[in-house]
Amino acid sequence: LTLDAVTQHYKGAPTPAVDAVTLAIGAGELVALLGPSGCGKTTLLRIIAGFVQQSTGRVLVGGRALDDLPPHRREVGVVFQNYALFPHMSALDNVAYGLAARGAPRDAQQRKAREMLDLVQMDHLAQRLPREMSGGQQQRVALARAMAVGPRILLLDEPFAALDKSLRLDMQIEVKRIQRKAGITCIMVTHDQEEALSMADRVAVINKGRLEQFAPPNEVYDSPATLFVNRFVGASNALAARMVGADMADVAGERWPVRPLGGGAGSPATVCVRPEQLRISDGAGLPGTIELSLPLGPQIVHEIRLADGQALKLVESRSHGARLREPGSAVSLTLAEGAVPNAFTPAPEGARP
Ligand code: ADP
Ligand code: MG
């Protein structure tokens, strides 16, 4: 699936909802569209499905433009956030619906629908109505319905948003299993960065309708292309700093090795240090004061305020001797061994990020 400079201007809106997005997604790949609410994720999904006709740009599958095809001829299956099952139909009939609408013979419909319910492990509840199923079960049926017509591409819009945390994890694993088994190309919309990082082969990070980065989860986490990506994906402390060498920054008087990103040269810079890249030391380091220590299972999270007023988070592992600390106690902060935070310098005047 290729998106070629896809742009969507809704009437009367001051800025485009989707702004020149170009993406090439491989067959069988699971891609997450990740970004804050309102950044254009659903609009992009609706353009691919054919429910919204984009203002400019093209959508291609296998090199063929889809733009003139109506939704039902695009070989695209969609699962919406609210499942949208027919309330008066059994699970089986819901799954068979798309096949019936395409004029498949009744016994073929039933056979295929059974097969799909089996795939999502819901065959034992085939005769249940939606109101007799849990949220996770309805979600499985919606997934089976989307897959039944044999789409080449599966689109999922925030599919787990309505599920509670433990059920969400089960469903994430389930969807990944089914997607792998069926070898289907899948695009999943989410605003949950953990979900995107854990499930996707590649993550497309979107901000204000624009694609900021399209890369595997590790790369998005470790080598964010922009300051936005660094701050949106994973927790991050953004500290005002000054470059004092090609890969050295002055952070409140301490010299830290950094990886310069963003294209600018020299000072000033924003250093993004992850909570797990910091340590509390008994000796030298950035002076700070503990505001709060929170025991979060295997980890302890400390909220720390630096002398110049900047606040940051630090995570220590209990297995490495972390302990709760009293609010108000003085600490020194150093970089964890081998940690090299990213430093973003403002891009040169006129350059597009
Ligand atoms: P997301 O799914 O990332 O939350 P959306 O694609 O739903 O974002 O929305 C992107 C932007 O487009 C928002 O500013 C939203 O208000 C606007 N928008 C979405 N749908 C329409 C529409 N049908 N008409 C006008 N504006 C819309
Ligand atoms: Mg949305």
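Residues numbered from 1 in each chain as written. Chains lettered and ligands numbered in written order. Predicted model: local features only at pLDDT ≥ 70, side-chain atom pairs only at ≥ 80, totals over all residues. Heavy atoms only, no water.

Undergrad: Could you clarify how one ought to interpret the overall build of the protein chain in this entry?
TA: Helix and strand content of the protein chain: eight helices and 21 strands. Seen through its principal axes, the protein chain has C-alpha atoms that stretch 75 × 45 × 35 Å. Summarising the internal contacts of the protein chain: among those between residues at least 6 apart in sequence, 65% fall at separations of at least 24. The distance from the centre of the 38 positive side-chain charges to the centre of the 36 negative ones in the protein chain is 6 Å. (Helix = DSSP H or I, 4+ residues; strand = E, 2+ residues; numbered from the N terminus. Contact = heavy atoms within 4.5 Å. Lys, Arg positive; Asp, Glu negative; His and termini not counted. Charge placed at Lys NZ, Arg CZ, Asp CG, Glu CD.)

Undergrad: So what exactly am I meant to see when it comes to the sheet that holds strand β3 (residues 30-34) here?
TA: Strands pair in a sheet through their backbones, by hydrogen bonds, and they do so in one of two ways: parallel or antiparallel. Strand order in the open sheet made by the six strands is β6-β7-β8-β3-β9-β10, with mixed pairing throughout. This sheet does not close on itself; its edge strands, each paired only once, are β6 (76-79) and β10 (210-215). The sheet shows a mean angle of 15° between the axes of neighbouring strands, direction not considered. In terms of strand pairing, strand β7 (residues 153-157) meets strand β8 (residues 185-190) through five bridges, oriented parallel. Considered in β8, the bridge of D157 is made with V189. Sitting on the sheet, helix α4 (residues 135-148) touches β6 and β7, and the angle it makes with β6 is about 165°. (Pairing = 2+ DSSP bridges. Axes fitted to C-alpha atoms, helices over the stretch in contact; angles between N-to-C directions.)

Undergrad: How should I be thinking about helix α1 (residues 41-49) in this particular structure?
TA: An α-helical segment advances 3.6 residues per turn. Residues three or four places apart therefore align on the same side. Most of α1 is tucked away: seven of the nine residues are buried. Count one or two residues on from α1 and you reach G50, which has phi positive near 95°. (Buried < 20%, exposed > 50% of the residue type's maximum accessible area, 1.4 Å probe, protein only.)

Undergrad: In this structure, what is going on with the packing of aromatic side chains? I would like to understand it.
TA: Each aromatic ring pair is summarised here by two numbers: the centre-to-centre distance and the angle between the ring planes. Tallying each qualifying case throughout the model produces three aromatic pairs. The interplanar angle of 40° and the centroid separation of 6.2 Å between the aromatic rings of F51 and F80 together place this pair among those described as tilted. A residue pair is termed long-range when its members are at least 10 positions apart, and F51 in the loop between α1 and β4 (56-61) and F80 in the loop between β6 and α2 (91-101) qualify at 29 residues. Over the ring of F86 we find R145, and its NZ or CZ is 5.3 Å from the ring centre. Over the ring of Y221 we find R274; its NZ or CZ atom is 3.9 Å from the centre of that ring. (Phe/Tyr/Trp six-rings, centres within 6.5 Å; stacked < 30°, edge-to-face > 60°. Lys NZ or Arg CZ within 6 Å of the ring centre and 35° of its normal.)

Undergrad: Before we go on, may I ask you to explain the environment of M248 in this structure?
TA: Relative to the assigned elements, M248 resides in strand β12 (residues 248-251). Spatially, the C-alpha atom of M248 lies 56 Å from that of H72, the residues being 176 residues apart in sequence.

Undergrad: Is there a simple way to think about the pattern of salt bridges in this case?
TA: Pairs can form between side chains of opposite charge whenever their charged atoms are close. A complete count under the given rule lists 11 salt bridges for this structure. A salt bridge links D4 to R58; the shortest N-O distance between them is 3.3 Å. With D4 in strand β1 (residues 2-8) and R58 in strand β4, this residue pair connects regions lying 54 residues apart in the sequence. The exposure class assigned to D4 is partly exposed, which follows from its relative accessible area of 29%. In this structure, the salt-bridge partner of R305 is E291, at a minimum N-O distance of 3.4 Å. A residue pair is termed long-range when its members are at least 10 positions apart, and R305 in strand β18 (residues 299-306) and E291 in strand β17 (residues 286-296) qualify at 14 residues. (Salt bridge = Lys/Arg side-chain N within 4 Å of Asp/Glu carboxyl O.)

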